[in-house]
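Each chain is listed here by its residues.
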Amino acid sequence: MKSKKFIRSNPHLPVKNLKETLSYYRDVLGFYDEWTWIDKNGQETDGGIRRDDMRLLFGEAPDLVNTINSGPQNRLALMWFVDNIDQVFQEFQDKGIEFADILRTHPYGLREFVFIDINGYYIRVAERAEE
């Protein structure tokens, strides 16, 4: 019998345009398509993408995205935890991603950098700082 445990949380993030978002995550950020859902009208409305063990879920809802990410001081922050953040930062730098904050060590014990994706999400990429 399985013991009770929590495994992961995957928010279902609203996006402005599902196809553009999946393309951005695949072609720019190095993820790969996992699935899309086509509604009864033949429209792709939901999709999931992954990179290594990280999975992201998206649903097309442009009005909600505009409400959640309405400006520089009003953005939903996401945390991505990675191994070997130096290599991830270099990869993203080589791809020309514009950073909101460069890679640095914070007093709370994380090394992290920040970028804003095409939907306005404030994405903090982090790894525990070595002692």
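Residues numbered from 1 in each chain as written. Predicted model: local features only at pLDDT ≥ 70, side-chain atom pairs only at ≥ 80, totals over all residues. Heavy atoms only, no water.

(A) Expanded view of the overall build of the protein chain. From N to C terminus, the protein chain includes three helices and eight strands. Listed by position from the N terminus, the elements making up the protein chain come as β-α-β-β-β-α-β-α-β-β-β. Taking the principal axes of the C-alpha coordinates as reference, the protein chain spans close to 55 × 50 × 25 Å. Residues counted as buried form 34% of the 131 residues belonging to the protein chain. For the protein chain, long-range pairs separated by at least 24 residues make up 51% of all intrachain contacts whose partners lie at least 6 apart in sequence. (Helix = DSSP H or I, 4+ residues; strand = E, 2+ residues; numbered from the N terminus. Buried < 20%, exposed > 50% of the residue type's maximum accessible area, 1.4 Å probe, protein only. Contact = heavy atoms within 4.5 Å.)

(B) Representation of the pairing of strand β2 (residues 32–38). Where β2 and strand β3 (residues 44–51) come together, six bridges link them in antiparallel fashion. Considered in β3, the bridge of Thr36 is made with Gly47. Remark: five residues form the turn of the hairpin made by β2 and β3, two consecutive strands paired antiparallel; Gly42 in that turn has positive phi of roughly 80 degrees. (Pairing = 2+ DSSP bridges.)

(C) Inspection of the side chain of Asp117 at higher detail. Looking at the secondary structure, you find Asp117 in the loop between β7 (110–116) and β8 (122–128). At a separation of 2.9 Å, a polar atom in the side chain of Asp117 contacts the main-chain amide nitrogen of Asn119. Here the side chain of Asp117 touches Tyr121 through a polar contact of 2.9 Å, landing on its backbone nitrogen. Asp117 has contacts with Tyr24, Tyr25 and Ile123, leaving out every residue within four places of it along the chain. (Polar contact = N/O pair within 3.5 Å; in protein donor to acceptor, adjacent residues only side chain to side chain.)

(D) Summary view of the nonpolar core. Core analysis: the largest hydrophobic core is formed by 27 residues, its most contacted members being Tyr25, Leu29, Phe58, Trp80, Phe113, Phe115 and Val125. When contributions to this core are tallied by element, the ones reaching two or more residues are β1 (12–15), α1 (18–27), β4 (54–60), β5 (77–81), α3 (85–94), β6 (99–105), β7 and β8. Non-local contacts of Phe115, meaning those with residues more than four positions away in its chain, are made with Tyr24, Leu29, Trp80, Phe92, Ile97, Glu98, Phe99, Ala100, Tyr121, Tyr122, Ile123 and Val125. (Core = buried A, V, L, I, M, F, W, Y, C linked by side-chain atoms within 4.5 Å.)

(E) Representation of the sheet that holds β5 in the model. The four strands are arranged β5-β8-β7-β6 in an open sheet whose pairing can be described as mixed. Across the chains shown, the open sheet's two edge strands, defined by having one partner strand only, are β5 and β6. Neighbour to neighbour, the strand axes of the sheet diverge by 20 degrees on average, direction disregarded. Across four bridges, β6 lies against β7 in antiparallel orientation. Directly across from Asp101, in β7, lies its bridge partner Val114. Set on the sheet, α3 makes contact with β6, β7 and β8; between it and β7 the angle comes to about 20 degrees. (Axes fitted to C-alpha atoms, helices over the stretch in contact; angles between N-to-C directions.)

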